[in-house]
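Next come the chains, spelled out residue by residue.
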Amino acid sequence: MKRISHFARWGWALLVAVTLVLGLGGCEGDDGAAGATGAAGPAGPAGPAGPPAPVPDAVAAAIEKAGPESCGTCHDGVGGAHQALYDQYVDASDLALTITSATTAPGAVAGTFDITVNFTVLKDGAPFTDYDSLGQKRFLTTTYDSANNQWLNGLVTLNDSVTMGAPGDFTLTEAGIAFDPTVNGVVYGYVADEPLLEHEGGTGAELPAGTHVHLYDNVSNAALAFGDAQASDPDTYQSLANVAGCAKCHGTPYLKHGYRAAEVDGLSDFAACKSCHNDDGGGFHQEWQYMVDDPLAWATGVAATADYSYNRTLMNDVHMSHGMEFPYPMSISNCNTCHEGNIAAVTDNSYFTPETCKSCHAIQGINAWPEDVGTTLEGDYAQPHRAPPFEYLWAKAGVESFHDLGATGDCTVCHGAGIAPAFNEFHTGYDVNIYDATGQKYSELYTVSIDQVTRSGDLLTVNFSSNNTDIVPELLVSFYGWDSKHFLVGSHERDTNVTACAGRRPGCLMEYVPESSGGDPTPLFTEDAASVPGNWMVTLDMSALQLTKTDLLPTLIANGDISKAEISVAPELNIGGTIP
């Protein structure tokens, strides 16, 4: 019986969790053939108390209705409301937007164009007529230059006039736009209604001010593409990122800001996003670079003096928001999170440009250098999940006078030209805490398994193994209460009633590193004499753990309070090296 949950790196040590749930009732082996009938013995002592009464039908029905992974299982009321909001967000939309046509004519001013867009909106399959009531209703257009792989003329909004003809059929017109989107262009729109508010008493009518991030019950996105912008065109835009990468953290379907889809019928992935995050428009979040370049000045409201202007490309806004505004959950150096399957392409030396560099790294990083290199307040605001500042990297390498990341800087003059390392030598695309230099996951190189679990009376024996004898494992045992996922006795439960445990931590927790792998002895665990690194045999004496002055683990098991144990192994492997 074995199940590997996951691997993860912690610093420079591997962490693998292996879990197994074991029923504690009826686990003894065969007692063998019955012996001869013996003489009647004296009356035995009174038996333990019987199991608890069955769960009342009303309670069982409520749990069944909530579901095992529902917020409402444990958090009725507010928790249930939160779960209901989430369910509304991810369920199928009742709204359906379709763009049926888009045509243009010469505008009143030479070189401009007037556009007419026809679209339909249905709700629950019937024509939707109250267009003005929608919480989101926006149409945009942009063009795609396939020769240079650029999206141009973004953030052009088409909401000049919207009229309804037949119920649910609408016509939008916009006069005087500077390009013709019916030539290698896209008309993109989205509608949404019934905003979801999580605060108590929210009616859905009010929305937080100052933000364009909202969740809605019903959302629909649609597009009409022309020429090279069509998803079916061989010259169409193909992103090197994957929508599945976004969905790892943001849920499915992935909706940016809560209502703008990355996947829209008729467009290649992320093409709809380019209506705003285009390649020739200025960005709006200079504070993202400022907050990592000079954290103290930004936090105390000092006006920026450096030039933090940038283009609002999808790369810039995604990299900066994840690597600067928020310390990325693992590390933004793990390109594989979003670019899986395209690592060779995104680390090609053609992308070694000042724009790429500045999308992740601060230039100065004042007071935020990860270690002392020649100035006075370094380290005060350093954060391990942020890309290190360039001036720190240059100072550390002794090359600070060679670099220019201004508008005219060209990294490839030296980098990749035989003078300095190429882009893929600095960034393999894989987080060094998760992958080796070849892109191989450590979780696939080094395995750990729980091979056998047996119970004999109060003794619980676990046999577990690894394909690497240098792994140092920690065995953890926890006990569930009342046939639920409630840890009645967690592995970290301290036993203060065992004299040998006084002042020791974790010596008397149900967490044990085998002595054959360098661990310390504990009163609760015994390692078999035949146990060796790579093949461990460890026994937990459950009778030795007394949670209170009266309740022993065997008593809780006999009473029916405990019927399941979770057995986990959290090994550690030092693979050497230096954290960059």
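Basis of the calculations
Residues numbered from 1 in each chain as written. Predicted model: local features only at pLDDT ≥ 70, side-chain atom pairs only at ≥ 80, totals over all residues. Heavy atoms only, no water. Salt bridge = Lys/Arg side-chain N within 4 Å of Asp/Glu carboxyl O. Helix = DSSP H or I, 4+ residues; strand = E, 2+ residues; numbered from the N terminus. Buried < 20%, exposed > 50% of the residue type's maximum accessible area, 1.4 Å probe, protein only. pLDDT = per-residue confidence, 0-100. Contact = heavy atoms within 4.5 Å. Core = buried A, V, L, I, M, F, W, Y, C linked by side-chain atoms within 4.5 Å. Phe/Tyr/Trp six-rings, centres within 6.5 Å; stacked < 30°, edge-to-face > 60°. Pairing = 2+ DSSP bridges. Axes fitted to C-alpha atoms, helices over the stretch in contact; angles between N-to-C directions. Polar contact = N/O pair within 3.5 Å; in protein donor to acceptor, adjacent residues only side chain to side chain.

### A word on the pattern of salt bridges
Inspection of the entire model under this criterion finds three salt bridges. The shortest N-O distance in the salt bridge between Glu 194 and Lys 123 comes to 2.9 Å. You can see Glu 194 sitting in strand S10 (residues 185-195) and its partner Lys 123 sitting in strand S4 (residues 113-123), a full 71 residues away along the chain. Its salt-bridge partner being Lys 248, residue Glu 340 comes within 3.9 Å of it at the nearest N-O pair. Placement of the pair is Glu 340 in the loop between helix H7 (336-339) and helix H8 (343-346) and Lys 248 in helix H3 (residues 243-250), with a sequence separation of 92 residues. By relative accessible area, which is 51% here, Lys 248 ends up exposed. One salt-bridge network, held together by shared partners, links Lys 123, Asp 193 and Glu 194.

### Section: the confidence of the model for the protein
Across the protein, pLDDT averages 81, with 76% of residues at or above 70. With pLDDT under 50 throughout, residues 25-29 is counted as low confidence; its partners more than four residues away or in other chains account for four contacts. Contacts for the low-pLDDT stretch residues 198-205, under 50 throughout, to residues beyond four places or in other chains number five contacts.

### Looking at the nonpolar core
If you look at the biggest cluster of nonpolar residues, it comprises 28 residues, and the most contacted ones within it are Leu 475, Val 477, Phe 479, Met 510, Phe 525, Leu 540 and Leu 553. Counting residues per element, the ones that place at least two in this core are strand S14 (448-456), strand S15 (459-466), strand S16 (475-481), strand S20 (535-541), helix H13 (553-558) and strand S21 (562-569). If one sorts the elements of this core by residue count, S21 sits on top with four residues. Residues contacting Met 510, with those up to four places away along its chain left out, are Leu 475, Leu 476, Val 477, Phe 479, Val 489, Gly 490, Ser 491, Leu 524, Phe 525, Leu 540, Leu 545 and Leu 553. Residues Ala 223, Ala 229, Leu 255 and Ala 271 belong to the second largest nonpolar core, which totals 24 residues.

### With respect to the packing of aromatic side chains
All chains considered together, the criterion is met by 19 aromatic pairs. Note on Tyr 144 and Trp 151: the rings are 4.7 Å apart at their centroids and 35 degrees apart in plane angle, and the pair reads as tilted. Classification of Tyr 144 by relative accessible area gives buried; the value is 5%. Given the relative accessible area of 0%, Trp 151 is considered buried. Between the aromatic rings of Tyr 216 and Tyr 259, the centroid separation amounts to 5.8 Å while the plane-to-plane angle is 80 degrees, which identifies the pairing as edge-to-face. Here Tyr 259 lies in the loop between strand S12 (255-256) and strand S13 (260-261) and Tyr 216 lies in strand S11 (residues 216-225), a separation of 43 residues in the sequence. What makes Tyr 216 buried here is its relative accessible area of 1%.

### Quick word on the sheet that holds S10
Taking strand neighbours across the sheet as the criterion, the four strands line up as S7-S6-S10-S11 in an open arrangement whose pairing is antiparallel. Looking at which strands have only one partner, the edges of the open sheet turn out to be strand S7 (150-157) and S11. Along the sheet, successive strands turn relative to each other by an average axial angle of 20 degrees, direction set aside.

### Topic: the side chain of Ser 466
Here Ser 466 shows up in strand S15. Within the local environment of Ser 466, its side chain forms a polar contact with the backbone oxygen of Thr 447, the two atoms lying 3.0 Å apart. Ignoring anything within four residues of it in the chain, the contact list for Ser 466 reads Thr 447, Val 448, Ile 471, Gly 534 and Trp 536.

### Side note on the sheet that holds strand S19 (residues 525-527)
Pairing between the strands of a sheet is mediated by backbone hydrogen bonds and can be parallel or antiparallel. The strand order S14-S15-S20-S19 describes an open sheet built from four strands, whose pairing is antiparallel. The sheet is open, and its two edges are formed by S14 and S19, each paired on a single side. Strand-to-strand twist across the sheet, computed as the mean angle between neighbouring axes with direction ignored, equals 20 degrees. Note that S19 and S20 share three bridges and pair antiparallel. Among the inter-strand pairings, Glu 527 is bridged to a residue of S20, identified as Val 538.

### Thoughts on the pairing of S15
Along S15, six of the eight residues are buried, which leaves the element largely enclosed by surrounding structure. Pairing of S14 with S15 involves eight bridges; the strand directions are antiparallel. Note that in S15 the partner of Thr 454 across the bridge is Thr 461. What sits between the antiparallel neighbours S14 and S15 is a turn of two residues, in which Gly 457 has the positive phi angle 65 degrees. Pairing between S15 and S20: seven bridges, direction antiparallel. Considered in S20, the bridge of Ser 465 is made with Asn 535.

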